[in-house]
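The primary structure of each chain is shown beneath.
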Amino acid sequence: MLEAKDITVTYAGLIAVSGASIEVNKGEIVCVAGANGAGKSSLLKAMVGMEKPKSGSVKFDGEELVGVPPHLITAKGLAYVPENRRLFPRLSVRDNLRLGSYMYRAQDDREAPLEMVFRLFPRLGERLDQRANTLSGGEQQMLAIGRALMTRPRLLMLDEPSQGIMPKLVDEIFQAVTTIRDTGMTILIVEQRLTECLEISDRAYVLQTGRVTMSGPADEIRANPDVRRAYLGL
Ligand code: ATP
């Protein structure tokens, strides 16, 4: 469904991603794991048109995405939840969700995804009039995911959904990711928290200083002695 090949991203000559290739098949949850600064966000941004890769190609259902502006990529069915969530801080939960759908969907297409968002995150339904900037970190992440779902994507990309969130809500969010997949969506998730990410993923890639150093079924990655030593502290 999504195929990124030989992606290189540089910032003022410094290499952030170096020839990374990843694939996501329909119906999968795929995790890209790596430490701080490994290039995870840069790789994701290159795939959704937020950074122009220096080289490489990104195909979504066979169509090239490199060079396509981000809003048109969203319209093709690929939604992206950025690391910093980029909510509209002074707007209510309701309006943040509405804005997710206004840009891409016809009026009669807006109610169904809302129901799904409230089923996934009942907390949001209880806080419709609350301003986004008064939500807890975990609730803001739920809202950011909810807003992305309002575009009715076929593929959802999440950049470190666990960042700055207390453990209980992290579990809730990871649980929601599997529920979202069970509705037929495909998911690519970038995470520092390898253990939790591998638990819900089908396959994973490990990114180290901009390169993919390991890839395979989540179980295999978890059992790999190097991974256990370096990431899981075992
Ligand atoms: P984190 O988990 O800390 O977000 P990451 O794995 O997502 O890290 P990136 O954010 O992609 O990694 O960063 C990879 C490298 O590129 C880092 O060295 C970072 O400092 C650098 N970098 C990222 N964005 C920019 C930018 N806009 N300008 C210059 N350098 C950048």
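Up top you'll find the structure we're talking about.
Residues numbered from 1 in each chain as written. Predicted model: local features only at pLDDT ≥ 70, side-chain atom pairs only at ≥ 80, totals over all residues. Heavy atoms only, no water.

Undergrad: Where do I start with the pairing of strand β2 (residues 14-24) in this structure?
TA: Remark: a regular strand shows side chains that alternate across the two faces of the sheet. The pairing of strand β1 (residues 2-11) with β2 spans seven bridges and is antiparallel. Opposite Val9, over in β2, you have Val17 as the bridge partner. Counting the residues that bridge the hairpin from β1 to β2 gives two residues, and of these Ala12 lies at a positive phi of roughly 45°. (Pairing = 2+ DSSP bridges. Helix = DSSP H or I, 4+ residues; strand = E, 2+ residues; numbered from the N terminus.)

Undergrad: What exactly am I supposed to notice about the pairing of strand β10 (residues 211-217) here?
TA: Across six bridges, the pairing between strand β9 (residues 203-208) and β10 is antiparallel. Residue Arg203 lies in a different strand from β10, and its bridge partner there is Pro217.

Undergrad: Would you take a moment to explain the site of the ligand for this structure?
TA: Around the ligand sit 13 residues, and of these Asn36, Gly37, Ser41, Ser42 and Glu160 come closest. Measuring from an oxygen atom of the ligand, one finds a side-chain N or O atom of Ser42 at 2.5 Å. Between the ligand and the protein, one listed contact pairs an oxygen atom with a side-chain N or O atom of Glu160 at 2.7 Å. Here the shell around the ligand gets three residues from one element, more than from any other, and that element is helix α1 (residues 40-47). Among the residues forming the shell around the ligand, the class breakdown is four nonpolar, six polar and three charged. (Near = heavy atom within 4 Å. Polar contact = N/O pair within 3.5 Å; in protein donor to acceptor, adjacent residues only side chain to side chain. Nonpolar A, V, L, I, M, F, W, Y, C, P; charged D, E, K, R; others polar.)

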